[in-house]
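# Summary of the model geometry
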Number of protein chains: 2
Amino acid sequence: MQELKSYLMGSFQSGEAEGTQELFDPSTGEVVATTSTQGLDLAGAVAFAREKGGPALRAMTFAERGAMLKAMSKVLYEKRDELLAISARNAGTTRSDGKYDVDGATGTLAYYASLGKKLGDRRYLVEGEGEQLTRSARFWGVHVKQPIRGVAVHINAFNFPAWGFAEKAAVALLAGVPVITKPATDTAWLTYECIRLIVEANILPEGALQLLCGEPGDLLSHLGPQDALAFTGSARTGALLRGGEAVVHRSTRVNVEADSLNAAVVGPDIEVGSPTWQMLVRDMAKEITQKTGQKCTATRRIFVPSDKLDALKDALAEELDLIKYGHPDSEGVRMGPLASKRQQKDCEDGIAELKADGAEVAYQFAGEPIDGHAEGAFFPSTLLIHRAPKDAKLVHEREVFGPVSTLMPYETIEDAIELVGRGEGGLVASAYTNDRAVYAALIEGLGPWSGRLLLGSKKVADQAIPIGMVLPSCIHGGPGRAGGGEELGGERGLDFYLQRTAVQGDRALLSKTLGF
Amino acid sequence: MQELKSYLMGSFQSGEAEGTQELFDPSTGEVVATTSTQGLDLAGAVAFAREKGGPALRAMTFAERGAMLKAMSKVLYEKRDELLAISARNAGTTRSDGKYDVDGATGTLAYYASLGKKLGDRRYLVEGEGEQLTRSARFWGVHVKQPIRGVAVHINAFNFPAWGFAEKAAVALLAGVPVITKPATDTAWLTYECIRLIVEANILPEGALQLLCGEPGDLLSHLGPQDALAFTGSARTGALLRGGEAVVHRSTRVNVEADSLNAAVVGPDIEVGSPTWQMLVRDMAKEITQKTGQKCTATRRIFVPSDKLDALKDALAEELDLIKYGHPDSEGVRMGPLASKRQQKDCEDGIAELKADGAEVAYQFAGEPIDGHAEGAFFPSTLLIHRAPKDAKLVHEREVFGPVSTLMPYETIEDAIELVGRGEGGLVASAYTNDRAVYAALIEGLGPWSGRLLLGSKKVADQAIPIGMVLPSCIHGGPGRAGGGEELGGERGLDFYLQRTAVQGDRALLSKTLGF
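Residues numbered from 1 in each chain as written. Chains lettered and ligands numbered in written order. Predicted model: local features only at pLDDT ≥ 70, side-chain atom pairs only at ≥ 80, totals over all residues. Heavy atoms only, no water.

## What about the pairing of strand β22 (residues 498–506) of chain B?
Counting buried positions over the nine residues of β22 of chain B gives nine, a clear majority of the element. Relative to β22 of chain B, strand β19 (residues 450–456) of chain A runs parallel, the two sharing three bridges. Looking at β22 of chain B, one finds that Leu454 of chain A is bridged to Gln504 of chain B. In terms of strand pairing, strand β7 (residues 139–147) of chain B meets β22 of chain B through nine bridges, oriented antiparallel. Across the sheet, Phe139 of chain B pairs through a bridge with Asp506 of chain B, a residue of β22 of chain B. (Buried < 20%, exposed > 50% of the residue type's maximum accessible area, 1.4 Å probe, protein only. Helix = DSSP H or I, 4+ residues; strand = E, 2+ residues; numbered from the N terminus. Pairing = 2+ DSSP bridges.)

## Quick word on the packing of helix α3 (residues 80–91) of chain B against helix α4 (residues 95–119) of chain B
Residue and element names in this part refer to chain B. Contact pair α3 / α4: the axes reach a minimum separation of 9 Å and the direction vectors enclose 120 degrees. As summarised for this structure, α3 and α4 are arranged oblique, according to the angle between their axes. Crossing angle aside, the handedness with which α3 passes α4 is right-handed. Contacts between α3 and α4 pair Arg80, Asp81, Leu83, Leu84 and Ser87 from the former with Arg95, Gly98, Lys99, Val102 and Asp103 from the latter. A class-by-class count of the residues in the contact of α3 with α4 yields three nonpolar, two polar and five charged. (Axes fitted to C-alpha atoms, helices over the stretch in contact; angles between N-to-C directions. Parallel < 35°, antiparallel > 145°, perpendicular 65-115°, else oblique. Left-handed = near helix turned anticlockwise from the far one by under 90°. Contact = heavy atoms within 4.5 Å. Nonpolar A, V, L, I, M, F, W, Y, C, P; charged D, E, K, R; others polar.)

## Here's the deal with the sheet that holds strand β1 (residues 2–4) of chain B
Residues and elements named next belong to chain B. Taken in spatial order, the three strands make up an open sheet running β1-β5-β4, and their pairing is mixed. If you trace the sheet from one side to the other, it starts and ends with β1 and β4 (21–24), each paired once. Across this sheet, the average inter-strand angle for adjacent strands is 30 degrees, counted without regard to direction. In this sheet, strand β5 (residues 31–35) lies alongside β1 in parallel orientation, the contact comprising three bridges. Within β5, the position partnered with Leu4 by the bridge is Thr35. Across the sheet, helix α6 (residues 188–200) is in contact with β1, β4 and β5; its angle to β1 comes to roughly 75 degrees.

## A closer look at the interface of chain A and chain B
In this complex, chain A contributes 68 residues to the contact, which on the side of chain B involves 68 residues. The contact between chain A and chain B buries some 6,400 Å² in all, and 56% of this surface belongs to carbon and sulfur atoms. When the buried surface of chain A facing chain B is broken down by residue, Glu444, Arg500 and Gln504 of chain A rank first, second and third, together holding 10% of it. The tally of links between chain A and chain B comes to six salt bridges. A salt bridge links Arg500 of chain A to Glu486 of chain B; its shortest N-O distance comes to 2.6 Å. Sorting the residues of the side of chain A that touches chain B by element identifies β6 (125–132), β7 (139–147), α7 (235–242), α8 (245–250), α13 (436–446), β19, β22 (498–506) and α14 (507–514) of chain A as the ones contributing at least two each. If one sorts the elements of the side of chain A that touches chain B by residue count, β22 of chain A sits on top with eight residues. (Buried area = accessible area lost by both parts, 1.4 Å probe. Salt bridge = Lys/Arg side-chain N within 4 Å of Asp/Glu carboxyl O.)

## Quick notes on the packing of aromatic side chains
Taken as a whole, this structure holds 18 aromatic pairs over all chains when the rule is applied. Centroid distance Tyr7 of chain A to Phe12 of chain A: 4.7 Å. Interplanar angle 45 degrees. Geometry classified as tilted. A relative accessible area of 14% means that Tyr7 of chain A is categorised as buried. Aromatic side chains Phe12 of chain B and Tyr192 of chain B sit 6.0 Å apart centroid to centroid with 70 degrees between the ring planes, which places their arrangement in the edge-to-face category. Note that Phe12 of chain B is positioned in strand β3 (residues 11–13) and Tyr192 of chain B in helix α6, a separation of 180 residues in sequence. On the basis of relative accessibility, which here comes to 7%, the residue Tyr192 of chain B falls in the buried class. These aromatic residues form a ring-pair network of at least three members: Tyr7, Phe12 and Tyr192 of chain A. (Phe/Tyr/Trp six-rings, centres within 6.5 Å; stacked < 30°, edge-to-face > 60°.)

Below is the structure:
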């Protein structure tokens, strides 16, 4: 039995026994690890980050911080197989789904390592050369972005224990801000192992990276005006954090990345069987089944011209039939279980709610999971149809966080855009068209509701990334229901951890001091 | 008696009589205007903005929106004298203080008009030319910033009824987002008159600009995921808005610009009587008395090397003695009353609280206000000293929003920086030094706590702007206690009203559609 400790104030620490929580193998229901955070000194951890980690990181240049990220990426990559094994054991991932998480982590760290190298020898950012502010050529203004003086608290979701930790930590550390990372308890083993490897490799200055492995306790009550809180998870918890004391009364920065009802729109011009159609079918099948549908970016609502609804349903059913589910170690399995029995129950409930809202089950993978187990959290891929999406309510509001999407017909492209908007904001939307007018209409219509927009068309039919893939160079986050946040996006992501200040004074002195 | 109506859904409307509030002349206590918003259809106003104003603004190019702002600036400038008279009557401003507000409004509108011209013929923004996202040169990503599809609600403070309205409206309208502006009731007459002039000149499309003249009623309950709420005022109200249903649960964008304990630091190298010293004394006297100290950006805490504390006190007392207060229309008056009896009471209470915290009154303008009135909200300029700022608490927390600042001694520059930080974030800090090492230390030390930093030195001693002056080209807002927000800053300010979307697809199609 693996005990997961928290890494706080320079050492691995166990919480009190009575606060112990168990982690399971979702394929078998077997307990694989335990953790407790009860009684840990979280005020001490916050102070340690501020007093040790912050000054150490701020004394480093971007290039030095980048080199540190590179070393983190390397140490994780070297232990890739061990990490994939833990992922399979504690998160039920197939090798391919585990790689999506683990390689996402090392890749994002490596990306920000390169950015650090590019930003070079400076310790903070200066926006351009500034400008003259009055009639005098001597009185000058320039905007400077310096790391906030507090700690970045990262609260992550259960679905990406490696990437979720790494994508947030990479950006904060590169900005010069120390991190306390808190994975979701159910799948925390993988995050724990990542941190253990990084600590063992002695890459980071003291206090730069701490791990709280399980329940957050009173962590947030210690945050103040120079701290930042980044969260990925449910809209409900997101609202709780955003409405909390630190954010509301002490202006703690907050970024929320929440569940959303991501949509796909099939353009009216896409012919059944064409290359773009084939791209669409592949994409949708992947969105439904990859990570057993447990991605914040997974497509939940598919809008298709009404005369092609049945053709798409049939094509998807055929594709989904090829993706067998079961124990991730077993031969032929392409989709593992959900991450927990709780998620399994939530999927069952969600489908029942959508049916009560007027949806019907159009397809469900037939047959039992390969090498399944009665205590496993397996769930068959499921395609719903709602034939009257304008009358529907829950289908635009209730995310079923598993291998489940809903097909819906539309009549005009304006209708489709309006229906996407009913989701009230998503992390990503996708659309398929080769018609330039439709292409432009979709960018304008879907953009304001989406943090990211993937446009499929024939010339990229074999070259696009999967819809759900989050690249470090593009922003991640979306308006409204998706939380209203923004992460990554290359250098853009640093802004969350930097205070921008308009500095006004003698041009010559500013120029010498700031190096512009 | 002037009745102030609200301008909603295309017409000027009166609220119900029983909700009537009175506005006063703070020099005499006389009632000068009334307003009521009771019973007005605010859900209708929000819908009108979204359905009429938004589409009309989005159909315009930046250049067209800029031309609209230019016309707004012009119509206000043409009626400058009438506006200054209203300001004197309802806000008690001297001509100079009135101009600070009114010319700030026309200037900011004109600045954003020029920016619109520069941004030209496009309707939304594209960040650069994007980048290749995969091994394929065809699959491309670019970040697009489009106006949010909702309404911008602007809740302004009583101290800048013209500028406060204009600086927020200019940015939202240029971004392509319709505005509902709500001035503080006490001084709403000037905002009302600005809107009346703009409406009469028929400059804006229907629904682009609405006015709610008084109490906000249930306005905020109608906001959702595509709306934005920008607030200037007290930290308490800011927290209320930020913790509200729309922001917390529907991801309504929010920007808070709140009271703060803005600090000034006198460098250890500044000799008494030197040009930089003279700049300091002039600046401090202006910050204390301009707009009777009722600026969010006014300097409240002045940190001075302990051996120069008395010299600065004496120099400031001499300067403040020259600034006579009284009725703004009277000869020789350089400082008007506070904006209301409530503010007068708050200043009295605030000074009592700071005295209980260990401050003493080092100077107070002697003598009665010129042409004063028993019902007037006059208040003499006041300088406090707190000799043990490390032991003080309230002096770093309680803003006395009037002609009141506190002098405090410090020993080392590190101490001074630490003391500034105790204010937990300010809109602006200032510092005076000609020592390059101190200059650099102050930028790094004060920057993270400040939205803006004005550095005084000998070569800009006669060329700098007043500390409290907010230029549209520089960001305005600050961390922590100052609300954690950011406004203006030239093009930077538009971001609050734009949804940034990472658009991924065929490079050629994207390039043709978006014009990069």
